[in-house]
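Listed here are the chains, written in short residue letters.
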Amino acid sequence: MSNTPVSVRYLTLAGRALADARSTVDVTGSGTSFTYRCRGCKATGRHSYEPNIHKDAQDYAAACRALPRPGKS
Ligand SMILES: [Zn+2]
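Everything numeric in this text was worked out from a predicted model, so none of it was measured.

Undergrad: Mind laying out the overall build of the protein chain, listing which residues take part and the relevant values?
TA: For the protein chain, the helix and strand inventory stands at two helices and four strands. Sequence-ordered secondary structure for the protein chain, helices as α and strands as β, is β-α-β-β-β-α. Against the compact-globule benchmark of 11 Å for 73 residues, the protein chain has a radius of gyration of 12 Å, which places it among compact chains. Within the protein chain, the proportion of its 73 residues that are buried is 23%.

Right, dumping it as structure tokens:
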């Protein structure tokens, strides 16, 4: 169970405003290594404790207004 990779996406502020489902902050990881990555501006964050990466990713997504460029992901 602990090795199951987390895969959660939080829609960014910009994504919500434009209803653009590509504008997300993606959380991945397992065990004690978790990462979030913003698809809009490529910002990343790390945490060793899963609840914290979700909080960070959620906070980040709520503030980020960057949009992915068309044709890139
Ligand atoms: Zn961002």
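Undergrad: Talk me through the confidence of the model for the protein chain; I want residue IDs and the actual numbers.
TA: Per-residue confidence for the protein chain gives a mean pLDDT of 89; residues scoring 70 or more make up 90%. Averaged pLDDT values over the elements of the protein chain bottom out at 90 in strand S1 (residues 6–11) and peak at 97 in strand S4 (residues 44–47).

Undergrad: Kindly report on the environment of Asp20, identifying the contributing residues and their values.
TA: Position of Asp20 among the secondary structure elements: in the loop between helix H1 (13–18) and strand S2 (24–30). A tally of 15 C-beta atoms within 10 Å means that Asp20 is categorised as partly exposed. Measuring from C-alpha to C-alpha, the distance between Asp20 and Ala66 comes to 11 Å, with 46 residues separating the pair along the chain. Once you skip the residues sitting within four places of it in the chain, Asp20 turns out to touch Gly15 and Leu67.

Calculation notes
- Residues numbered from 1 in each chain as written.
- Predicted model: local features only at pLDDT ≥ 70, side-chain atom pairs only at ≥ 80, totals over all residues.
- Helix = DSSP H or I, 4+ residues; strand = E, 2+ residues; numbered from the N terminus.
- Rg over C-alpha atoms; globule rule 2.2 N^0.38 Å.
- Buried ≥ 20, exposed ≤ 12 C-beta atoms within 10 Å, placed from the backbone.
- pLDDT = per-residue confidence, 0-100.
- Contact = placed C-beta atoms within 7 Å.

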